[in-house]
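# Summary of structural features
These are the residues of each chain, in order.
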Amino acid sequence: LGAPGGHGGSMNATGAKTVAAVKEKQALVKEETLPLSIGKIAIHVVQDEASLKKLESVLKERLSASADFKDIGQTDAEMSPMLPVVGIDAEWKPGTESLALLQLAFRRSVFLLDIVKLSCNAKIWSKTSELLKQAL
């Protein structure tokens, strides 16, 4: 079968150059990135009170296990926690400034906070907001 437009199966010089350029870019991307080895990882979707409690327990464990060293004259309240967060990412609803998803990634677990669903319940949203303020 020929290509759309009736040009048969042949490729002109411009098409060949384009394909070659794409392949060259793909090769460069492969060279510039590092391999990422991810072992077993737990992915938790946080969208209700039960899943929020799971996130809260993980964050409390991490908050209690590590904190900055106190500076001279600094109170406990002024210390900031050092959470072993690998990454934080956020997604918005297309065409809006409304946050839709917040992702918190740790070494062996990822929490995907469904902000749209969590914010529908005032009680859960209040708990979510307080939890994030304490942790981050």
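Not measured: the values here are computed from a predicted model.

In this section: the pairing of strand E3 (residues 99-106). With 5 bridges connecting them, E3 and strand E4 (residues 109-114) associate as antiparallel partners. The partner of Leu101 across the bridge, within E4, is Asp114. Between E3 and E4, which pair antiparallel in sequence order, lie 2 residues.

For the rest of this paragraph, the subject is the confidence of the model for the chain. Per-residue pLDDT for the chain averages 74, and the proportion of residues at 70 or more is 55%. Within the chain, helix H1 (residues 13-32) has the poorest average pLDDT of any element, 63, and helix H3 (residues 115-118) the best, 95. Low pLDDT, under 50, characterises residues 1-9; the stretch is placed with 3 contacts to residues that sit more than four places away or in other chains.

With that out of the way, let us pick up the side chain of Ser51. Inspection of the secondary structure assignment puts Ser51 in helix H2 (residues 49-65). At a separation of 2.9 Å, a polar atom in the side chain of Ser51 contacts the main-chain amide nitrogen of Gln47. If near-sequence neighbours (up to four positions away) are discounted, Ser51 is found in contact with Val45 and Val46.

With that settled, consider the nonpolar core. Nonpolar side chains in soluble globular proteins tend to be buried together. Among the nonpolar cores identified, the biggest contains 17 residues, and Val46, Leu55, Leu102, Leu104, Phe111 and Leu113 are the most heavily contacted of them. Elements represented by at least two residues in this core include exactly H2, E3, E4, H3 and helix H4 (122-135).

Further remarks concern the environment of Lys127. Summarising the element assignment, Lys127 is placed in helix H4. Separated by 75 residues in the primary sequence, Lys127 and Leu52 place their C-alpha atoms 8.4 Å from one another. Other than its neighbours up to four places away in sequence, Lys127 contacts Glu49 and Leu52.

Turning our eyes to something else, we now look at the pattern of salt bridges. Counted by the stated rule, this structure contains 2 salt bridges. Glu130 is the partner of Lys133 in a salt bridge, and the nearest nitrogen-oxygen pair spans 3.7 Å. In this pair, Lys133 and Glu130 are both assigned in helix H4, 3 residues apart and thus about one turn of the helix distant. On the basis of relative accessibility, which here comes to 61%, the residue Lys133 falls in the exposed class.

It is worth spelling out H4 at this point. The first and last C-alpha atoms of H4 sit 20 Å apart over 14 residues, in line with the 20 Å expected at 1.5 Å per residue. Among the residues making up H4, those that are buried are Ile124, Thr128, Leu131, Leu132 and Ala135. In a view along the axis of H4, the buried residues occupy a sector of 95 degrees, so they form one face of it. Residues of H4 that are exposed and point more than 90 degrees away from the buried face comprise Ala122, Lys123, Lys133 and Gln134. Two to three positions downstream of the cap, the backbone nitrogen of Lys123 sits 3.0 Å from a side-chain oxygen, assigning the N-cap of H4 to Asn121.

What counts, and at which threshold
- Residues numbered from 1 in each chain as written.
- Predicted model: local features only at pLDDT ≥ 70, side-chain atom pairs only at ≥ 80, totals over all residues.
- Heavy atoms only, no water.
- Pairing = 2+ DSSP bridges.
- Helix = DSSP H or I, 4+ residues; strand = E, 2+ residues; numbered from the N terminus.
- pLDDT = per-residue confidence, 0-100.
- Contact = heavy atoms within 4.5 Å.
- Polar contact = N/O pair within 3.5 Å; in protein donor to acceptor, adjacent residues only side chain to side chain.
- Core = buried A, V, L, I, M, F, W, Y, C linked by side-chain atoms within 4.5 Å.
- Buried < 20%, exposed > 50% of the residue type's maximum accessible area, 1.4 Å probe, protein only.
- Salt bridge = Lys/Arg side-chain N within 4 Å of Asp/Glu carboxyl O.
- Expected span 1.5 Å × (residues − 1).
- Arc of directions from axis to C-beta.

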